[in-house]
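Now for the letters of each chain:
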Amino acid sequence: MPVDFSGTWNLMSSDNFEGYMLALGIDFATRKIAKMLKPQKVIEQEGDSFSIQTTSTFRSYFVQFKIGEEFEEDNKGLDHRKCKSVVTWDNDKLVCVQTGDKNNRGWTHWLEGDQLYLELRCEDQVCKQAYKRA
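Residues numbered from 1 in each chain as written. Predicted model: local features only at pLDDT ≥ 70, side-chain atom pairs only at ≥ 80, totals over all residues. Heavy atoms only, no water.

(A) How the structure looks around the overall build of the chain. A count of helices and strands for the chain gives 2 helices and 10 strands. Whereas a compact globule of 134 residues would reach a radius of gyration of roughly 14 Å, the chain reaches 14 Å, a difference of no more than 12%. Dimensions of the chain, computed from the C-alpha atoms along their principal axes, are close to 45 × 30 × 25 Å. Long-range contacts, defined as pairs at least 24 residues apart, comprise 41% of the intrachain contacts of the chain with a sequence gap of at least 6. Of the accessible surface of the chain, which amounts to about 7,400 Å², a share of 49% is contributed by carbon and sulfur atoms. In the chain, which carries 18 positive and 21 negative side-chain charges, the distance between the mean positions of the two groups comes to 6 Å. (Helix = DSSP H or I, 4+ residues; strand = E, 2+ residues; numbered from the N terminus. Rg over C-alpha atoms; globule rule 2.2 N^0.38 Å. Contact = heavy atoms within 4.5 Å. Areas by Shrake-Rupley, 256 points an atom, 1.4 Å probe, with all protein chains shown as cover. Lys, Arg positive; Asp, Glu negative; His and termini not counted. Charge placed at Lys NZ, Arg CZ, Asp CG, Glu CD.)

What follows is the structure, encoded as structure tokens:
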């Protein structure tokens, strides 16, 4: 039985978010604002179907997917690129591979206790974030 990621999660820490945003080609002003935000994630999971809503006072982002099914992801509100994404299980981790303009792009979510971890990857940059259940 897969891990249940459902819940509301508040950002506690973020390491190398600036480097990750630079790799995505996000402009200077947006990077400076984004670094100061403390977004909240709401994850809804029904078996292998997920929706993730990330909200902040600056921008919001929504993604919906089913494990193992490729989908076109419109990163409007992030770097404004479209890519093909597929999310799979790697033991108890959710691993997303995004194929498009940028190399080595994707993310991994996993749980440890009452904390949600997110690793964001793009090119040679890795950002690590930790969230606590609200």
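Having seen the structure, we can now continue with the description.
(B) A look at the packing of helix α1 (residues 17–24) against helix α2 (residues 28–36). Where α1 meets α2, the closest approach of the two axes is 10 Å, and the angle between their N-to-C directions is 145°. Crossing angle aside, the handedness with which α1 passes α2 is right-handed. In this structure, α1 uses Phe17, Glu18, Met21 and Leu22 to contact α2, whose residues at the interface are Arg31, Lys32, Ala34 and Lys35. Among the residues forming the contact of α1 with α2, the class breakdown is 4 nonpolar, no polar and 4 charged. (Axes fitted to C-alpha atoms, helices over the stretch in contact; angles between N-to-C directions. Left-handed = near helix turned anticlockwise from the far one by under 90°. Nonpolar A, V, L, I, M, F, W, Y, C, P; charged D, E, K, R; others polar.)

(C) How the structure looks around the UniProt feature "domain: Cytosolic fatty-acid binding proteins" (unreviewed entry) in the chain. In the numbering adopted here, UniProt assigns the feature "domain: Cytosolic fatty-acid binding proteins" (unreviewed entry) to residues 7–24. With 44% helix and 50% strand, the stretch residues 7–24 has end C-alpha atoms that lie 28 Å from each other. (UniProt positions renumbered as here; feature names shortened; annotations may be inferred.)

(D) Structural detail: α2. Every buried residue of α2 is listed here: Thr30, Arg31 and Ala34. End-on, the buried residues of α2 take up no more than an arc of 100°, which puts them together on one face. For α2, the exposed residues set more than 90 degrees away from the buried face come down to Phe28 and Met36. The inward-facing, buried residues of α2 contact α1. Put simply, Asp27 is the residue that caps the front of α2, since its side-chain oxygen is 3.2 Å from the backbone nitrogen of Ala29. (Buried < 20%, exposed > 50% of the residue type's maximum accessible area, 1.4 Å probe, protein only. Arc of directions from axis to C-beta. Polar contact = N/O pair within 3.5 Å; in protein donor to acceptor, adjacent residues only side chain to side chain.)

(E) Examining the pairing of strand β1 (residues 7–15) more closely. Bridging between β1 and strand β2 (residues 40–46) involves 4 bridges; their strand directions are antiparallel. The residue of β2 that forms the bridge with Gly7 is Ile43. Of the strand pairs in this sheet, β1 and strand β10 (residues 125–133) are connected by 6 bridges, and their pairing is antiparallel. Each bridged residue has a counterpart across the sheet, and for Ser14 the counterpart in β10 is Gln129. (Pairing = 2+ DSSP bridges.)

(F) View of the nonpolar core. Counting residues in hydrophobic clusters, the biggest one holds 27 residues, and the most contacted among them are Ile43, Phe50, Phe65, Val87, Leu94 and Trp107. Secondary structure elements with two or more residues in this core: β1, α1, β3 (49–55), β4 (60–66), β7 (93–99), β9 (115–122) and β10. Residues in contact with Val87, not counting those within four places in the same chain, are Phe65, Lys66, Ile67, Gly68, Phe71, Leu94, Val95, Cys96 and Trp107. (Core = buried A, V, L, I, M, F, W, Y, C linked by side-chain atoms within 4.5 Å.)

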